[in-house]
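So the chains spell out like this:
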Amino acid sequence: MADPVVPAIATGPLLTGYVEPGVGRGVLTFFADIADPVFGATMEITLTAPPWNETGHQPFTWRYLPPTAERAFPKIWLAVGRQVTVTTRRTGKRSAADLLALGPRNPLIEIVRPQDDDLIPQPDASVIEMWRLLPQPFTVGPFTDDERGRRDDFLSQAATVNITTKPLGVVIRNVLNGYVVTIDIDNRKDGRPAAFVYDIVVDSREDDDNIFGDHVTVRVVHTHNVTVHATAAQDMAGFISVQTLRLDDSFIPSFPPQGTVLDNTTFQPQEVEVHFAPEHPTLIFLFELAIQFVPYVNVLYDLSQLTFELATGRDFWGNEVSGGQILAYGITSVLPFAKALPRSVLQSVRTELKATKLARVLEEDVISEVGRVAEQEFLEAVGSMDVKGATDLARMLTRFATGKLSMDQVLRRFHDLVGNAYLRELDRRVVERLLTANFKTFRNPRLAAGFNAFSAKKLSRGIVRSLDPISWALSQRGKSRFIQELESELGKDWAEVLKHAKRTDSRLRQLSTADIAHYDRLAGRVEDFRSLSKLNRGRGDLYEVDHILEQRFWRNDPRVSTAFDEKGEGMAMVIPKNPAVAAKMPGKTIAYVHTLKTRLLTELIPNGREAEFTVQQIFDAHMWVLESLRVDRSVTLGDRLLGDFRLLARARRERLELRMPSAATFTPRGGWPVLVGVQ
């Protein structure tokens, strides 16, 4: 028998957490020193929301960022849906300095609250970055659908606005800086549920006394902790109107999705404050760059946000940063991934950029982070550049940094070098890039708004079953403004790419009556894996025959040797394979979603580390996860499943107590191991 495996326990500052999908709760604990589980905890964050055990789609997620040279304090990023409540409680021994200032024992908490719960990244995503929830700015104005840019005459520009999404709101600003409308979730109450939806209408005013041409109306439906504020220059106030409707928090579950056309009959007009000029613009105007409709611009924008913060220790919100400046960070960050770029040239660029913040982007820790989080297709496209192209791009960046070139020129060259290569790399995972984890809508907020508006219109006509997102995209024709968004995501051949995905990707097909009937026959049955696999034959792409006691706990421990056939004889249930399938089964009784259960167990006991946990801990983890998913206790405490655990305990020669653990069991204070290399 192999020797027991001694777990490698982590030390230092760390964020730990657990979730209870069936209850609708998550609890995070920040430890200034995880090695001191009693007094090392300095903060506890509780997130509450409607249960998600049947959908498998968690309505919040988080990421912990340790201190850096530019930022002396840790940061906790929270992305939360409309109905999520965030409660923070200070714990442990804390000095007055800890309470007053950010520092190693007092992390900064940043909340991002996108107004579409489907956009919340799921914890099993390969990379969770909150800046991916802040899409690039876009423009609305008096254009025809087939126009790719805005008109240059004064009256048209006076009715043209740029929309920029912030972590807790939206800024709608006239392109001439003549007026601005802000929608903000109250920072003092941003832990409470909050919702808003806005609609921008650009039309012609027909009043006899109206001397203006096109006119902008902004309509906003919002909860009590959302403020809407509008200001305008004296000579521009006639181009903007604002109408609002405030609803009680109890209406949040039925709030319409962004993109819904808002009827003006129930709104109240809101006063626009008139000043000599509104505040000076401080946001990023990517849309001023001629290269905005390229298939990697969102990826580049995401990297730019990340590396800007890594280089400066702050994000760009509230700081005056131009589109060219911010994109320079993204392009500089991928230079080291150009495989053909001579080392001497890269070193020369480092030297020439030494006097600028861009030099920080070329340091090893930032390069490592970019390699971890960047979309691999994008890095592969950058890596395919030849020596001349990579060298030219490097030299152009240094000329931009010294004011000798515009970012437009740099971007055009960058596009020439990587655009086609990137499109070739995309085909492998187009569906994951384009759709949310539950496949209900698009990740691109403009496409999501368009699809939401379409679905809302169908529902208003009593049509419950509407098109799926891919079919809706393929229905776009001629002058549809959404075609340019699809081109920016997938390239000029977007329709062929989507048709191919629809033919070959089984996840995109709708469930048939026979599919639903098949599930109904097997739902709730707890039998051995071999028997259920035979009954589920032909529908493995939709429904998983899930081992309740996961196979990895038998296979990944060298001490376990038994004649028991854990695959064929292990107890199993038939459940939806993932949130995309569960989303197509409204009203059906679902024990849990396979990917959700797997993820929760992995968060407690990481894959490959099974031997570092005792059988008691493995049992406790399974009981806790199944209980949090509200699996019937006739399953969790049934003789057949408990018999499997007893066999595992005998194979490892360990004692097992049959019990129902509490949440405290899975905390460092309760003795749950926090392993090195696992966050």
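Residues numbered from 1 in each chain as written. Predicted model: local features only at pLDDT ≥ 70, side-chain atom pairs only at ≥ 80, totals over all residues. Heavy atoms only, no water.

### Thoughts on empty space enclosed by the protein
- Tallying each qualifying case throughout the model produces two cavities of 30 Å³ or more.
- Counted as a void, the largest cavity has a volume near 70 Å³.
- In terms of lining, the largest cavity is formed by Gly 17, Tyr 18, Val 19, Leu 600, Glu 603, Leu 604, Trp 624, Val 625 and Ser 628.
- Mapped by element, the contributors of at least two residues to the lining of the largest cavity are β1 (14-20), α21 (594-604) and α22 (615-628). (1 Å grid on protein atoms, 1.4 Å probe; cavity = no way out; pocket = protein on both sides within 12 Å on 5 of 7 lines; lining within 4 Å. Points joined across faces, edges and corners; volume = space filled by probe spheres on them. Helix = DSSP H or I, 4+ residues; strand = E, 2+ residues; numbered from the N terminus.)

### Quick look at unusual backbone geometry
- The phi angle at Arg 630 is positive, at roughly 65 degrees, despite the residue not being glycine.
- Topologically, Arg 630 is positioned in the loop between α22 and α23 (633-636).
- The backbone of Arg 653 sits at a positive phi, close to 55 degrees, despite the residue not being glycine.

### Quick word on the packing of α21 against α22
- Close contact between α21 and α22 brings their axes to 10 Å; oriented N to C, the two are set at 140 degrees. Looking at the two axes, α21 sits oblique to α22. The handedness of the crossing between α21 and α22 comes out as right-handed. Of the residues in α22, those touching α21 at Lys 597, Leu 600, Leu 601 and Leu 604 are Ala 621, His 622, Trp 624, Val 625 and Ser 628.
- Residue composition of the contact of α21 with α22, by class: six nonpolar, two polar and one charged. (Axes fitted to C-alpha atoms, helices over the stretch in contact; angles between N-to-C directions. Parallel < 35°, antiparallel > 145°, perpendicular 65-115°, else oblique. Left-handed = near helix turned anticlockwise from the far one by under 90°. Contact = heavy atoms within 4.5 Å. Nonpolar A, V, L, I, M, F, W, Y, C, P; charged D, E, K, R; others polar.)

### Quick look at the sheet that holds strand β4 (residues 60-65)
- Here three strands make up an open sheet; going across it, the order is β4-β5-β7 and the pairing mixed. Unpaired on one side and paired on the other, β4 and β7 (108-112) mark the two borders of the sheet. Between one strand axis and the next, the sheet turns through 15 degrees on average, direction left out of account.
- One ladder, built from six bridges, connects β4 with strand β5 (residues 75-80); its direction is antiparallel. Residue pairing in the sheet places Trp 62 in a bridge with Leu 78 of β5. (Pairing = 2+ DSSP bridges.)

### A few points about the packing of aromatic side chains
- Within this structure, the stated rule accounts for 17 aromatic pairs.
- Aromatic side chains Phe 60 and Trp 62 sit 6.4 Å apart centroid to centroid with 25 degrees between the ring planes, which places their arrangement in the stacked category. No difference in accessibility class separates Phe 60 from Trp 62, as the two residues are buried.
- Site record: aromatic cluster; members linked through ring pairs are Tyr 18, Phe 613, Trp 624, Phe 666 and Trp 672. (Phe/Tyr/Trp six-rings, centres within 6.5 Å; stacked < 30°, edge-to-face > 60°. Buried < 20%, exposed > 50% of the residue type's maximum accessible area, 1.4 Å probe, protein only.)

### Remarks on the nonpolar core
- Ranked by internal contacts, the top residues of the largest apolar core, which has 100 residues, are Leu 47, Leu 78, Ile 172, Tyr 198 and Ile 240.
- Of all the elements, α22 adds the most residues to this core, at eight residues.
- Residue contacts for Tyr 198: discarding those within four places in its chain leaves Phe 138, Ile 163, Val 170, Ile 172, Ile 183, Arg 219, Val 220, Gln 258 and Leu 262.
- Among the nonpolar cores identified, the runner-up in size contains 50 residues, and Leu 346, Ala 374, Val 382 and Leu 405 belong to it. (Core = buried A, V, L, I, M, F, W, Y, C linked by side-chain atoms within 4.5 Å.)

### A word on helix α7 (residues 364-373)
- For α7, the complete set of buried residues consists of Val 366, Ile 367, Glu 369, Val 370 and Val 373. End-on view of α7: buried residues confined to an arc of 165 degrees, all on one side of the axis. Along α7, the residues that are exposed and aim more than 90 degrees away from the buried face are Glu 364 and Ser 368. (Arc of directions from axis to C-beta.)

### Re the pattern of salt bridges
- In total, this model carries 26 salt bridges according to the counting rule given.
- Residue Lys 75 pairs with Glu 110 through a salt bridge whose shortest N-O separation is 3.6 Å. Separated by 35 residues along the polypeptide, Lys 75 in strand β5 and Glu 110 in strand β7 bring together distant segments of the chain.
- Residue Glu 496 is joined to Lys 499 by a salt bridge in which the shortest nitrogen-to-oxygen separation is 3.7 Å. Taken together, the positions of Glu 496 and Lys 499, both in helix α15 (residues 494-504) and three residues apart, correspond to about one turn of that helix.
- Here the salt bridges do not stand alone but share partners, grouping Asp 546, Glu 550, Arg 552, Lys 597 and Glu 610 into one network. (Salt bridge = Lys/Arg side-chain N within 4 Å of Asp/Glu carboxyl O.)

### A word on a nonpolar patch on the surface
- A contiguous nonpolar patch, built from Phe 154, Leu 155 and Leu 176 and spanning about 270 Å² of accessible area, is present on the exposed surface.
- Topologically, Phe 154 is positioned in helix α2 (residues 154-158). (Patch = residues over 30% accessible without salt bridge, like charges linked within 9 Å, V, L, I, M, F, W, Y side chains within 5 Å. Areas by Shrake-Rupley, 256 points an atom, 1.4 Å probe, with all protein chains shown as cover.)

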